[in-house]
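Inside the fold
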Amino acid sequence: MKKKRRTDMKLIYMLMAFILSTQLTSFAQKGYEAGYIVLSMKDTLHGSVKDRKDHPFGGLYKKIKFKNKRGKRTYKPSQILSYKRGEDLFESVWLSAASSGFLNQDYKVTPSVGEQHFLKVVHKGFLSYYHWEYEDDDSGYIDTVGYFKKEGNSLLVRASQGILGLRRKRLAKFFDDCPKLAMKIRNKTIDNPTEIVEFYNKWKKEN
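Keep in mind the model is a prediction, meaning the values are calculated, not measured.

With that out of the way, let us pick up the pattern of salt bridges. This model, assessed by the stated rule, comprises 11 salt bridges. As a salt-bridge pair, lysine 120 and aspartate 88 come within 3.5 Å of each other at their nearest N and O atoms. Taken together, the residues span a long stretch of sequence, with lysine 120 in strand S8 (residues 115-123) and aspartate 88 in strand S6 (residues 88-97) at a distance of 32 residues. With a shortest N-O distance of 3.8 Å, arginine 168 and aspartate 191 are connected by a salt bridge. Taken together, the positions of arginine 168 in helix H2 (residues 168-174) and aspartate 191 in the loop between helix H3 (179-186) and helix H4 (193-206) put the pair 23 residues apart, joining distant regions of the chain. Its relative accessible area of 18% is what places arginine 168 among the buried residues. On the basis of relative accessibility, which here comes to 51%, the residue aspartate 191 falls in the exposed class. Taken together, the salt bridges that share partners define one network made up of Glu33, Asp51, Arg52, Arg85, Asp88, Lys120 and Glu133.

Given below as structure tokens:
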């Protein structure tokens, strides 16, 4: 009887050790998603990518973490052109202030000028729309600021003022090459960045 009890206890300990090991492995993998990175030399490496911690102790990494069969590495924006994590695509973009002043909210995209940052690609086209992710100082959660960029134009223009909505004056001027869109922005008959992207790209394609 005692021998059987010792055998049963041994099996229980082995089972507990297996469960604990599985949980630790699962925890270590948490946050990694299938994806790829594009190196500065334009080589593409497929593997798993992690660019943020999960809450309640979450936040964005300054360097993304990448792993594949060859091992693990970290990459900062200056080392790669882009990366994909799950369904989300990010580009490494050179940014410098478009003008001086406290209220400046626009940037210039000029190779080798300024600093490089990862921007999430929401839409790519004649007019591209990006999200610049950041950690909110009060909550610690990740929030975004939307930016527009026209093909062949170095300006990266902020789309909205948070709860105040679209930057209508600034955007009407930015889209003066498309008078119908500029008018819709001024007249408040267009309400969000997605509508602007769809309208401009359709107009550009037709013209």
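Judged by nonpolar contacts, the single largest core of 17 residues is most densely connected at Leu127, Phe148, Leu171, Phe175, Leu181, Ile185 and Ile196. Going through the elements one at a time, strand S9 (127-135), H2, H3 and H4 are the ones with two or more residues in this core. Beyond its immediate chain neighbours, meaning those up to four positions away, phenylalanine 175 contacts Leu127, Phe148, Lys150, Leu181, Ala182, Ile185, Ile196 and Tyr200.

Here the focus is H3. Among all positions of H3, only Leu181, Ala182 and Ile185 are buried. An end-on view of H3 places all buried positions within 100° of arc, on one side of the element. Those residues of H3 that are exposed and angled more than 90 degrees off the buried face are Pro179, Lys180, Met183 and Arg186. Here the buried face of H3 lies against H2 and H4.

The next point concerns the packing of aromatic side chains. Applying the stated rule across the entire model yields 11 aromatic pairs. Consider the rings of tyrosine 129 and phenylalanine 148, whose centres lie 5.2 Å apart with planes at 40°: the pair is tilted. Of this pair, tyrosine 129 sits in strand S9 while phenylalanine 148 sits in strand S10 (residues 142-150), and the two are 19 residues apart along the sequence. Exposure class is identical for tyrosine 129 and phenylalanine 148. Each is buried. A ring pair is formed by phenylalanine 174 and phenylalanine 175, whose centres lie 5.0 Å apart and whose planes are at 70°; its orientation type is edge-to-face.

So, about the pairing of S10. Side chains on a regular strand alternate between the two faces of the sheet. With 9 bridges connecting them, S9 and S10 associate as antiparallel partners. Bridging across to S10, glutamate 135 finds its partner in isoleucine 142. Between S9 and S10, which pair antiparallel one after the other, the connecting turn spans 6 residues, and glycine 140 there sits at a positive phi close to 85°. Across 2 bridges, S10 lies against strand S11 (residues 155-158) in antiparallel orientation. Within S11, the residue paired with tyrosine 147 across the bridge is arginine 158. Connecting the antiparallel pair S10 and S11 is a turn made up of 4 residues, with glycine 152 showing a positive phi of about 80°.

Turning next to the side chain of aspartate 106. Tracing the sequence through the fold places aspartate 106 in the loop between S6 and strand S7 (107-108). Looking at aspartate 106, its side chain comes within polar contact range of the main-chain nitrogen of arginine 158, at 3.0 Å. When sequence neighbours within four positions are dropped, the list of residues in contact with aspartate 106 reads Ala97, Ala98, Leu156, Val157, Arg158, Arg167 and Arg170.

Definitions and cut-offs
- Residues numbered from 1 in each chain as written.
- Predicted model: local features only at pLDDT ≥ 70, side-chain atom pairs only at ≥ 80, totals over all residues.
- Heavy atoms only, no water.
- Salt bridge = Lys/Arg side-chain N within 4 Å of Asp/Glu carboxyl O.
- Helix = DSSP H or I, 4+ residues; strand = E, 2+ residues; numbered from the N terminus.
- Buried < 20%, exposed > 50% of the residue type's maximum accessible area, 1.4 Å probe, protein only.
- Core = buried A, V, L, I, M, F, W, Y, C linked by side-chain atoms within 4.5 Å.
- Contact = heavy atoms within 4.5 Å.
- Arc of directions from axis to C-beta.
- Phe/Tyr/Trp six-rings, centres within 6.5 Å; stacked < 30°, edge-to-face > 60°.
- Pairing = 2+ DSSP bridges.
- Polar contact = N/O pair within 3.5 Å; in protein donor to acceptor, adjacent residues only side chain to side chain.

Everything listed is a geometric property; what it means functionally is a separate question.
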